[in-house]
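Residue-level structure breakdown
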Amino acid sequence: MIGRSRILGIDPGSRATGYGIIDRAGSNLGFVTCGTIRTESGDHIGNRLLLIYDGLCKVIQHYAPEVAAVEDVFLSHNPRSALKLGHARGVAVLAAMKSGLKVHDYSPRAVKQAVAGYGQADKHQVQHMVMALLELSSSPSNDAADALAVAICHANQMAFQAAG
């Protein structure tokens, strides 16, 4: 693909971290892969973070994205959950940066707006639009779909910057 950019999208979570990789060439988007790195909630948080880090490093090494986009932490009513999510996000950013990738941050609202046209879209709407935009024959898991949505959001931002 001439002028191709490979984008890694990450939806961080302490129990499930979604990842999605797409290729962007001009205005065309192509699906590469997606998945979820799952941890056991009973494990020590340090072990869970190491699993997320190692998993993302393997994905980056295997698929060689050129840039990463990570969803920002949303405000949570539970401070302990927000702290764990922040740890998982930090490990995801670290894995990408240690692998030499520039990292871009997007709010959940911006991601939903980019794929569904509505900043308050629910998970089903995001999943449906990711399937449509990437012409997928089957539905990715919620976490993988969210990660693909983050990658699509960044691809749209790249297109916007190129046009401006």
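What counts and what doesn't
- Residues numbered from 1 in each chain as written.
- Predicted model: local features only at pLDDT ≥ 70, side-chain atom pairs only at ≥ 80, totals over all residues.
- Heavy atoms only, no water.
- Pairing = 2+ DSSP bridges.
- Helix = DSSP H or I, 4+ residues; strand = E, 2+ residues; numbered from the N terminus.
- Axes fitted to C-alpha atoms, helices over the stretch in contact; angles between N-to-C directions.
- 1 Å grid on protein atoms, 1.4 Å probe; cavity = no way out; pocket = protein on both sides within 12 Å on 5 of 7 lines; lining within 4 Å.
- Points joined across faces, edges and corners; volume = space filled by probe spheres on them.
- Salt bridge = Lys/Arg side-chain N within 4 Å of Asp/Glu carboxyl O.
- Buried < 20%, exposed > 50% of the residue type's maximum accessible area, 1.4 Å probe, protein only.
- Core = buried A, V, L, I, M, F, W, Y, C linked by side-chain atoms within 4.5 Å.
- Contact = heavy atoms within 4.5 Å.
- Arc of directions from axis to C-beta.
- Polar contact = N/O pair within 3.5 Å; in protein donor to acceptor, adjacent residues only side chain to side chain.

Here we take up the sheet that holds strand β4 (residues 67-71). Taken in spatial order, the 5 strands make up an open sheet running β3-β2-β1-β4-β5, and their pairing is mixed. Either end of the sheet is taken by a strand with one partner, and the two such strands are β3 (28-38) and β5 (102-106). For this sheet the average axis-to-axis angle between neighbouring strands, irrespective of direction, equals 20°. Here strand β1 (residues 4-11) runs beside β4; their pairing, made up of 4 bridges, is parallel. Paired with Ile7 across the strands is Val67, a residue of β4.

Another aspect to go through is the layout of surface pockets. Roughly 680 Å³ of internal volume is contained in the largest pocket. Around the largest pocket, the lining is made up of 31 residues, and of these Asp11, Pro12, Phe74, Leu85 and Lys123 lie nearest the centre. Breaking the lining of the largest pocket down by element, the ones donating at least two residues are α2 (79-98), α3 (108-116), α4 (123-133) and α5 (142-163). By residue number, the principal contributor to the lining of the largest pocket is α2, which donates 5 residues.

Further remarks concern the pattern of salt bridges. Scanning the model with the defined rule gives 6 salt bridges in all. With its nearest N and O atoms 3.2 Å apart, the salt bridge here joins Asp23 to Arg4. Taken together, the residues Asp23 in strand β2 (residues 16-25) and Arg4 in strand β1 connect sequence positions 19 residues apart. For Arg89, the salt bridge goes to Asp105, with nearest N and O atoms at 2.3 Å. Here Arg89 is found in helix α2, whereas its partner Asp105 is found in strand β5, with 16 residues between them in sequence.

Counting buried positions over the 5 residues of β4 gives 5, a clear majority of the element. The two faces of β4 match: Val67, Ala69 and Glu71 on one face and Ala68 and Val70 on the other face are all buried. Pairing geometry for β4 and β5, over 5 bridges, is parallel. Bridge pairing in β5 places Val67 opposite Lys102.

If you look at the biggest cluster of nonpolar residues, it comprises 21 residues, and the most contacted ones within it are Leu8 and Leu56. Every element with two or more residues in this core is listed here: β1, β2, α1 (45-63), β4 and α2. Every residue in contact with Leu8, bar those within four places of it in the chain, is listed here: Tyr19, Gly20, Ile21, Ile60, Pro65, Val67, Ala68, Ala69, Leu101 and Ala151. One finds Ala69, Leu134, Ala151 and Cys153 within the second-largest nonpolar core, a separate group that totals 20 residues.

On to the environment of Ile152, then. Within the secondary structure, Ile152 is located in helix α5. With a relative accessible area of 1%, Ile152 lands in the buried category. Spatially, the C-alpha atom of Ile152 lies 7.6 Å from that of Ile22, the residues being 130 residues apart in sequence. Those residues in contact with Ile152, other than ones at most four positions away along the chain, are Ile22, Leu29, Val115, Val130, Leu133 and Leu134.

Okay, α4 next. What α4 keeps buried is the set Val126, Gln127 and Val130. In an axial view of α4, the angular spread of the buried residues amounts to 100°, which keeps them on one side of the axis. The N-cap residue of α4 is Asp122: its side-chain oxygen and the backbone nitrogen of His124 are 3.1 Å apart. Just downstream of α4 lies Glu135, where phi reads positive at about 55°.

Remember, this is a structural readout, not a statement about activity or role.
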